[in-house]
Every structure is written in structure tokens, then in C-alpha cells.
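Listed below, chain by chain, are the residues.
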Amino acid sequence: MTDRRKNVSRSQVTEVKPQERAQTTGKAAKTSAREERRESATMKSTNKTAARRTSKGSSLFARARNNQIGRFVYDAYYELRYKVTWPTFEEARSMTIMVVIISVILGGLLSLVDFGLYHLFILVIGGK
């Protein structure tokens, strides 16, 4: 049984032991024997499943996911799919319009400063 936290990638999710769980929740009492048996049974079944998978041979996808580049691609996909909050069409349109307006205003200001400095330079060197 795993505890998943919101801002933790899948590779960082770890299994929390019953003693740690009791400490983190602030409960001094230990978990019941029934819960411990259930967790140990779950662990045994997952170990059998993992053994079954390795006995058949790992798939191409699983092997690619276990190397460094494949892990990066998989983590990037997972984060883009499940953690990124994408803007709606209206939000994206309004933000794009704001970027264009601010760019035009800054471009106009920079061109005025450039025009003024150019004429100041001409005045200082005594041209035309």
C-alpha cells in the first residue's frame, strides 16, 4: 500500500510502513494485526506478480522506461498529462492579446529612445 503525495513524481513515491504511518498521523497506537496481515498478503501477491513478469521477460516498453532517457521521457509525459494545469481557450487568447499589446508598447518606447539618442549623438558630433 503506497501513500501518494501531490507534488511527488511517480519515481519518488515510496511505501510507508505501518510504524511510520502511525508516527506521521500522530496516532500512538499501532495498526491492528488484521491490517498488518492484509498488507503482508498484498506484498506477497505483488511479489508473485513481479516474479511472473520477470519470468516472461520484460517488454520493450518496460526496458525503455528503465533506462535513463526512457525514464526522462516517461516522467515528462506523466507530468504534462497529470500535473500541468492547461489554460482554457479564452485564457490563452486573452494572454496572447496582452503579450502582443505589451510588445507593441515596449517596441514604441524603445524606438522613441533610439530616435532621441540618435539625434543627441548627431547634435554632439556636430553633423548635418
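Residues numbered from 1 in each chain as written. Predicted model: local features only at pLDDT ≥ 70, side-chain atom pairs only at ≥ 80, totals over all residues. Heavy atoms only, no water.

A. Region of the structure containing the overall build of the protein. Summing up its helical and strand segments, the protein has five helices and zero strands in all. Helices (α) and strands (β) of the protein occur, in sequence order from the N terminus, as α-α-α-α-α. In the protein, which comprises 128 residues, the proportion classed as buried is 6%. For the protein, the share of sequence-separated contacts (at least 6 apart) that also reach a separation of at least 24 residues comes to 33%. Working note: accessible area of the protein is about 11,700 Å², and carbon and sulfur atoms make up 62% of it. (Helix = DSSP H or I, 4+ residues; strand = E, 2+ residues; numbered from the N terminus. Buried < 20%, exposed > 50% of the residue type's maximum accessible area, 1.4 Å probe, protein only. Contact = heavy atoms within 4.5 Å. Areas by Shrake-Rupley, 256 points an atom, 1.4 Å probe, with all protein chains shown as cover.)

B. Expanded view of the packing of aromatic side chains. Applying the stated criterion across every chain yields a total of one aromatic pair. Ring centres 5.1 Å apart and planes at 45 degrees place the aromatic pair Tyr78 and Tyr82 in the tilted group. A residue pair is termed a helical-turn pair when its members lie 3 or 4 positions apart in one helix, as Tyr78 and Tyr82 do in helix 4 (residues 68-82) at four residues. (Phe/Tyr/Trp six-rings, centres within 6.5 Å; stacked < 30°, edge-to-face > 60°.)

C. Representation of helix 4 in the model. Taking 1.5 Å per residue, 15 residues should reach 21 Å; helix 4 reaches 21 Å between its end C-alpha atoms and fits that length. Within helix 4, burial applies to Gly70, Tyr74 and Tyr78. The buried residues of helix 4 occupy an angular sector of 70 degrees when the element is viewed end-on, so they sit on one face. Across from the buried face of helix 4, at angles greater than 90 degrees, the exposed residues are Gln68, Ile69 and Phe72. Where the residues of helix 4 are buried, they touch helix 3 (60-66). A side-chain oxygen of the first residue of helix 4 lies 3.3 Å from the backbone nitrogen of Ile69; this N-cap is Asn67. (Expected span 1.5 Å × (residues − 1). Arc of directions from axis to C-beta. Polar contact = N/O pair within 3.5 Å; in protein donor to acceptor, adjacent residues only side chain to side chain.)

D. Up close: a nonpolar patch on the surface. Taken together, the side chains of Ile97, Met98, Ile101, Ile102, Ile105, Leu106, Leu109 and Leu112 make up a nonpolar region of the molecular surface, amounting to roughly 770 Å² of accessible area. Here Leu112 lies in helix 5 (residues 89-125). Relative accessible area serves as the criterion here: at 60%, Leu112 is assigned to the exposed category. (Patch = residues over 30% accessible without salt bridge, like charges linked within 9 Å, V, L, I, M, F, W, Y side chains within 5 Å. Salt bridge = Lys/Arg side-chain N within 4 Å of Asp/Glu carboxyl O.)

E. How the structure looks around helix 5. For helix 5, with 37 residues, the first-to-last C-alpha span of 54 Å sits near the 54 Å given by 1.5 Å per residue. Positive backbone phi, at 75 degrees, marks Gly126, one or two positions downstream of helix 5.

F. Summary view of the confidence of the model for the protein. On average, the protein scores 75 in pLDDT, and the residues at 70 or more come to 54%. Helix 5 holds the highest mean pLDDT among the elements of the protein, 97, whereas helix 1 (residues 18-25) holds the lowest, 51. Residue range residues 26-30 is modelled with pLDDT below 50. Its contacts to residues more than four positions away, or to other chains, number two contacts. (pLDDT = per-residue confidence, 0-100.)

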